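In case you want the letters, here they are:
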Amino acid sequence: MAEQPVDPITFKEAAHILGCTTPTVQRHVIGGRLASGIPGQHRTLSRAEVEKLALKTYRHRRHVNDADSYWVTGKRAADVLGVNVARLNQLVAKGFLPFEVHADGTRMYRREQLAIVANARDARWR
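This one's a predicted model, so the numbers in the text were calculated from it and none came from an experiment.

Enquirer: What's the story with the sheet that holds strand E3 (residues 71-72) in this structure? I'm lost.
Expert: The pairing of strands in a sheet comes from backbone hydrogen bonds and takes either a parallel or an antiparallel form. Strand order in this open sheet of three strands is E3-E5-E4, and the pairing throughout is antiparallel. Each end of this open sheet is capped by a strand with a single partner; those strands are E3 and strand E4 (100-101). Pairing of E3 with strand E5 (residues 107-110) involves two bridges; the strand directions are antiparallel. Each bridged residue has a counterpart across the sheet, and for Val72 the counterpart in E5 is Tyr109.

So this is what it looks like as structure tokens:
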């Protein structure tokens, strides 16, 4: 019996994280690249497992201009924060910004996390 994920997500959410379609997510499940979901809950997957696969398969260059992509890279991450790339790199070096590393070595940031940091900064300045 598969271990139940603590962080279940739908196939639609998985497709967003992977930057693909839900049929492609289904192919990842059938191909064994993603474990099938929670017993008794139709079409759910582990967010952590989906993100792990995204770090191998996500085509970040294809999604550079997507306004709602799950992942962003350098310049776009700086834009979300309202800083320049040099400042982004300083924040990363100080450990203030979480990121993941894609299989090709590119830093990938979760857009939602960046937005939270940006909103917290804005609230602090008010």
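Enquirer: What exactly am I supposed to notice about the packing of helix H4 (residues 74-81) against helix H5 (residues 85-93) here?
Expert: Relative placement of two packed helices is described by the angle separating their axes and the distance separating the axes. Direction vectors running N to C along H4 and H5 enclose 90 degrees, while the axes themselves pass 9 Å from each other. Relative to H5, the element H4 lies roughly perpendicular. Every residue of H5 that contacts H4 at Gly74, Lys75, Ala77, Ala78 and Leu81 is listed here: Val85, Leu88 and Leu91. Looking at the contact of H4 with H5 residue by residue, the classes come out as six nonpolar, one polar and one charged.

Enquirer: Got a minute to help me understand the side chain of Ser69 in this structure?
Expert: With respect to the helices and strands, the residue Ser69 is situated in the loop between helix H3 (47-57) and E3. The class for Ser69 is buried, based on a relative accessible area of 5%. For Ser69, the side chain forms a polar contact with the main-chain oxygen of Trp71, separated by 2.8 Å. Apart from the residues within four sequence positions on either side, Ser69 is in contact with His16, Tyr58, His63 and Arg111.

What counts and what doesn't
- Residues numbered from 1 in each chain as written.
- Predicted model: local features only at pLDDT ≥ 70, side-chain atom pairs only at ≥ 80, totals over all residues.
- Heavy atoms only, no water.
- Pairing = 2+ DSSP bridges.
- Helix = DSSP H or I, 4+ residues; strand = E, 2+ residues; numbered from the N terminus.
- Axes fitted to C-alpha atoms, helices over the stretch in contact; angles between N-to-C directions.
- Parallel < 35°, antiparallel > 145°, perpendicular 65-115°, else oblique.
- Contact = heavy atoms within 4.5 Å.
- Nonpolar A, V, L, I, M, F, W, Y, C, P; charged D, E, K, R; others polar.
- Buried < 20%, exposed > 50% of the residue type's maximum accessible area, 1.4 Å probe, protein only.
- Polar contact = N/O pair within 3.5 Å; in protein donor to acceptor, adjacent residues only side chain to side chain.

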